[in-house]
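Examination of the molecular architecture
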Amino acid sequence: MFIEQGFKSENKFWKYIVGSLLIIFASFLGQLPLLMALLFETFVNGKPYPSSNEAIMRFFEPNFTLFLIMVSFVFIMLGIILVIRYLHHQTVLSVTTSRAKVDWNRIVFSFLIWAAITIVSTLLFYYYSPSDFVINFKPVPFAILAIIGIVLIPIQTSSEEYIFRGYLMQGFANLAKNKWFPLLMTSLIFGGMHWFNPEVTKIGPIVLVYYIGTGLFLGIITLMDEGMELALGFHAANNLVGALLITSDWSAFQTHSIFKDISDPSAGLDVILPVVIIYPILLFIFSKKYNWTNWKEKLSGNI
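Let me begin by describing the structure that accompanies this report. Owing to the predicted nature of the structure, the values given are computational and were not obtained by experimental measurement.

Comments concerning the overall build of the protein chain
Looking only at helices and strands, one finds 12 helices and three strands in the protein chain. A compact globule built from 303 residues should have a C-alpha radius of gyration of about 19 Å, and the protein chain, at 20 Å, falls within 12% of that. Each of the three principal axes of the protein chain carries a C-alpha extent, and together these read 55 × 45 × 35 Å. Among the 303 residues that make up the protein chain, the fraction classed as buried is 50%.

Right, dumping it as structure tokens:
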């Protein structure tokens, strides 16, 4: 059973607190390349230091900014691996899945189905509201974006999944000895981590419904499927295809994407529709394909 794989007599909850602090430290180390680049431009080239996160996102050319941000997740992933192996004395596989090896077919299936939904929905929005978009495609910058995205964005999304659906899911299970508490807590923390995204400032706190709902969805498919493979594929498709397809002046990622959304930001269908309609449909598809049963026990039972 996936969530029980973190249960060891020496795996006290204080270790998860220490481990989380070490992962945060790894994140700070990963941000040093961005900091050094900002200081170089400030002191050597005389550019004024950006006064906000939003200004930082626009300080460099978009592909370079994306590269510097994504590099920090390489450090985070290394921190996660070291914490799992040397603080908790677990294998990375035990925080990934309950199967004997990672099921790449599950990752690919989840990636493809969410990539298809993202592409189709974006094209539909463009078809019905073309005035809300402009074509932003430039071949060379897009090619560079694609290379950076394909190499680094899966590392970013995987590091988030290992933290929330793997490491912390098992950690909160150690604390609470049940399944509903880690599911709820990791979803709330995952949503709360997006509080500082520019989308929240522009659209309002209502957008947290999407982030918390997404965290809940990813937690459910992890618990029901006894592993993170489906969550890994979904999250990679969400961020990679999103970065390649569409950007806006107020989004977290500024990219040389195919489309640019020029509409006024608002909490519309793109916030509510996934949580209340699309995610339940995906749960139905996954449950039929992978023969999920005993939902109550897997999502809220005691351990």
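With respect to the nonpolar core
One finds Phe217, Ile221, Leu282, Phe286 and Trp292 to be the most contacted residues of the largest nonpolar core, which totals 37 residues. Secondary-structure elements contributing two or more residues to this core are helix H5 (104–128), helix H6 (139–176), helix H8 (198–203), helix H9 (208–225), helix H10 (229–245) and helix H11 (269–290). Take this core: its biggest share by element is nine residues, from H9. In contact with phenylalanine 217, other than residues within four places in its own chain, are Phe234, Tyr279, Leu282, Leu283 and Phe286. Counting 35 residues, the second-largest nonpolar core is a separate cluster that includes Tyr162, Tyr167, Leu168 and Leu232.

Considerations on the side chain of threonine 247
The residue threonine 247 is located in strand S2 (residues 246–248) in this model. A residue is classified by how much of its surface remains accessible, and threonine 247, at 5% relative accessible area, is buried. In contact with threonine 247, other than residues within four places in its own chain, are Asn136, Phe253, Gln254, Thr255, Ser257, Phe259, Lys260 and Asp261.

Observations regarding the pattern of salt bridges
What the rule picks out here adds up to five salt bridges. Of the charged contacts, one joins arginine 99 and aspartate 225 as a salt bridge, the two residues approaching to 3.1 Å between their closest N and O atoms. In this pair, arginine 99 sits in the loop between helix H4 (62–87) and H5 while aspartate 225 sits in helix H9, placing the two residues 126 residues apart along the sequence. Each of Arg99, Asp103, Arg106, Asp225 and Glu229 takes part in a single network of salt bridges with overlapping partners.

Quick word on H6
Owing to its 3.6 residues per turn, the α-helix aligns residues three or four sequence positions apart on the same side. Under the 1.5 Å per step criterion, the end-to-end length of H6 is 51 Å for 38 residues, consistent within 8% with the ideal 56 Å. At glycine 149, H6 shows its largest bend, some 40°. The positive-phi residue at the C-terminal boundary of H6 is lysine 177, with phi of around 60°.

Here's the deal with the sheet that holds strand S1 (residues 133–135)
Here three strands make up an open sheet; going across it, the order is S1-S3-S2 and the pairing mixed. Both outer strands of the open sheet, S1 and S2, are each paired with one neighbouring strand and no more. Taken pair by pair, the neighbouring strands of this sheet meet at an average axis angle of 30°, ignoring direction. In this sheet, strand S3 (residues 259–261) lies alongside S2 in parallel orientation, the contact comprising three bridges. Each bridged residue has a counterpart across the sheet, and for isoleucine 246 the counterpart in S3 is phenylalanine 259.

Some thoughts on the packing of aromatic side chains
Applying the stated criterion across every chain yields a total of 23 aromatic pairs. Seen in terms of ring centroids, tyrosine 126 and phenylalanine 133 are 5.9 Å apart; in terms of plane orientation they differ by 70°. Their pairing is edge-to-face. Taking relative accessible area as the criterion, tyrosine 126 reaches 28% and is therefore assigned partly exposed. Assessed through its relative accessible area of 12%, phenylalanine 133 is described here as buried. When the ring of phenylalanine 172 is compared with that of phenylalanine 181, the centres are 5.7 Å apart and the planes differ by 80°; the resulting orientation is edge-to-face. Given a relative accessible area of 11%, phenylalanine 172 falls into the buried group. The residue whose ring lies beneath lysine 47 is phenylalanine 59, and the NZ or CZ to ring-centre distance is 4.2 Å. Between arginine 165 and the ring centre of phenylalanine 190, over which it is positioned, the NZ or CZ distance is 4.4 Å.

Rules and cut-offs
Residues numbered from 1 in each chain as written. Predicted model: local features only at pLDDT ≥ 70, side-chain atom pairs only at ≥ 80, totals over all residues. Heavy atoms only, no water. Helix = DSSP H or I, 4+ residues; strand = E, 2+ residues; numbered from the N terminus. Rg over C-alpha atoms; globule rule 2.2 N^0.38 Å. Buried < 20%, exposed > 50% of the residue type's maximum accessible area, 1.4 Å probe, protein only. Core = buried A, V, L, I, M, F, W, Y, C linked by side-chain atoms within 4.5 Å. Contact = heavy atoms within 4.5 Å. Salt bridge = Lys/Arg side-chain N within 4 Å of Asp/Glu carboxyl O. Expected span 1.5 Å × (residues − 1). Bend = angle between axes of the 7 residues up to and from the residue. Pairing = 2+ DSSP bridges. Axes fitted to C-alpha atoms, helices over the stretch in contact; angles between N-to-C directions. Phe/Tyr/Trp six-rings, centres within 6.5 Å; stacked < 30°, edge-to-face > 60°. Lys NZ or Arg CZ within 6 Å of the ring centre and 35° of its normal.

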